[in-house]
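# Structural features, examined
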Amino acid sequence: MPSKTILKKLAFRAYLACCWTDQTFMRQFRRWLLTLILESPLNGLVIDRTVRISGVDQLQLGHDVSIHWDSYLSAEGGIKIGNNVSIGHRVSLLSTEHQFSDRLVPIKFQPVTKSRLVIDDNVWIGANVTVLAGVHLRSGTVVAAGAVVTKTFDEENVILAGVPARILKRYP
């Protein structure tokens, strides 16, 4: 009997193979495969066929999550996405980053650091946003289009914008 890990890897390969079409059956089949891989029900999940995920075994998704086209989730270091989260198109969620500790070694050959990225419930991430490894987005956060979030903000109900992102507005 194949191990659970092997079955998850096969299911993920099947998921990737099903991304060539967006017909209703294929959308439902991809969602079913993700349910198998993540071992949890994915109620209300909307995920575009052009979304790419690496490290899917380190990804946790809440209910009513939408991830729109051309987004990339690098989950090798762990990504946890809460409930009622909307992720716009062309968003990059990264849980890894390169180190630059030895100037004698080319950057591409230096070690990679893994750091968990957490997105709480009720977060809206606009189009073309990049969220770097180790960031924690609190409940009620809105990230404006084009922002690069490089650090955690310890407040809920804020609008983040800019490169690097900063608090643009607080709301009740």
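Rules used in this analysis
- Residues numbered from 1 in each chain as written.
- Predicted model: local features only at pLDDT ≥ 70, side-chain atom pairs only at ≥ 80, totals over all residues.
- Heavy atoms only, no water.
- Pairing = 2+ DSSP bridges.
- Helix = DSSP H or I, 4+ residues; strand = E, 2+ residues; numbered from the N terminus.
- Polar contact = N/O pair within 3.5 Å; in protein donor to acceptor, adjacent residues only side chain to side chain.
- Contact = heavy atoms within 4.5 Å.
- Expected span 1.5 Å × (residues − 1).
- Buried < 20%, exposed > 50% of the residue type's maximum accessible area, 1.4 Å probe, protein only.
- Arc of directions from axis to C-beta.

### A word on the sheet that holds strand E13 (residues 130–131)
In spatial order, the strands read E2-E5-E8-E13-E16; together these 5 strands make up an open sheet with parallel pairing. With one partner strand each, in any of the chains shown, strand E2 (52–54) and strand E16 (148–149) form the two edges of the open sheet. Across 2 bridges, strand E8 (residues 92–94) lies against E13 in parallel orientation. Following the sheet pairing, Ser92 is matched in E13 by Thr130.

### A word on the sheet that holds strand E6 (residues 79–81)
Pairing is parallel in the open sheet, where 4 strands are placed in the order E3-E6-E11-E14. Since the sheet does not close on itself, it has two edges, and those belong to strand E3 (59–61) and strand E14 (136–137), each with one partner. Of the pairings in the sheet, the one linking E3 to E6 comprises 3 bridges and is parallel in character. The residue bridging Gln60 from the neighbouring strand is Lys80, located in E6.

### A few points about the side chain of Ser95
Counting through the fold element by element, Ser95 comes out in the loop between E8 and strand E9 (96–98). A polar atom in the side chain of Ser95 sits 2.8 Å from the backbone nitrogen of Gly77. With residues up to four places along the chain from it excluded, the contact list for Ser95 reads Ser74, Ala75, Glu76, Gly77, Gly78, Ile79, Thr113, Lys114, Ser115 and Ala133.

### Looking at helix H2 (residues 24–38)
Compared with an ideal rise of 1.5 Å per residue, which puts 15 residues at 21 Å, H2 spans 21 Å between its outermost C-alpha atoms and is within 8% of the ideal. Inspection of H2 places Met26, Arg30, Leu33, Leu34, Ile37 and Leu38 among the buried residues, and these make up the whole buried set. Looking straight down H2, one finds that the buried residues subtend no more than 120° of arc, so they occupy a single side. In H2, the exposed positions that point more than 90 degrees away from the buried face belong to Phe25 and Gln28. One or two steps after H2, the chain reaches Glu39, where phi turns positive at roughly 55°.

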